[in-house]
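# Remarks on the overall topology
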Amino acid sequence: MHYRDSRVTVTAAGIETDGRHIPLAELTEVWHRRGGRSWRRVAGRATLGLVIGVPAALGLAAVAVALALRLSGMAMAVVVGAALVVGLVTAPLADLVLEHLDRAYARGAREWEIWGRWRGTEVLLLRTRDRQKFGQVYRAIERAAER
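Residues numbered from 1 in each chain as written. Predicted model: local features only at pLDDT ≥ 70, side-chain atom pairs only at ≥ 80, totals over all residues. Heavy atoms only, no water.

### Structural notes on the sheet that holds strand β6 (residues 110-118)
Ordered by their spatial adjacency, 3 strands build an open sheet running β5-β6-β7, and the pairing between neighbours is antiparallel. Of all strands in the sheet, those with a lone pairing partner are β5 (27-37) and β7 (121-128), marking the two edges. On average, each strand axis in the sheet is inclined to that of its neighbour by 25°, with strand direction left out of account. Where β5 meets β6, 8 bridges bridge the pair, whose relative direction is antiparallel. Across the sheet, V30 pairs through a bridge with G116, a residue of β6. Helix-sheet contacts for helix α3 (residues 131-146) involve β5, β6 and β7, and the interaxial angle to β6 is about 20°. (Pairing = 2+ DSSP bridges. Helix = DSSP H or I, 4+ residues; strand = E, 2+ residues; numbered from the N terminus. Axes fitted to C-alpha atoms, helices over the stretch in contact; angles between N-to-C directions. Contact = heavy atoms within 4.5 Å.)

Structure, rendered in structure tokens:
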């Protein structure tokens, strides 16, 4: 067995995908296509980045303004203290946001497809946004075909 998950199985005998078994010996050609970028997903990633970046930028801006205005010691301590409190409050949220950002990158912003020619017809073997899974399945098909 070269690859197996809930949707695709690649063995020396063939490829099983979407409930259909395609014998490897009957595949005359295999190729891949890279789909277009999903700008909605890119915008979602950017939004997650802003959720982290905006509070940090505001805190730094507040301290910079306080320094530029040459506030008294007490006023400066209040501004710096407030910036630290905002930072401490948003730090746990940053962990959640970074986790979502990680998953957003794993899901991908474009589709990857593996196609094959089976009995003279082009068939879609796999469509996924997961670039790692795409690479694993494509390499598994190549290894199976070499045998």
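### Quick look at the pairing of strand β3 (residues 14-17)
For strand β2 (residues 8-10) and β3, the ladder comprises 3 bridges, and the chain directions are antiparallel. Paired with T9 across the bridge in β3 is E16. Between the end of β2 and the start of β3, which pair antiparallel, lie 3 residues. Taken together, β3 and the strand that follows it, strand β4 (residues 20-23), pair antiparallel across an intervening segment of 2 residues, in which D18 is found at a positive phi of about 50°.

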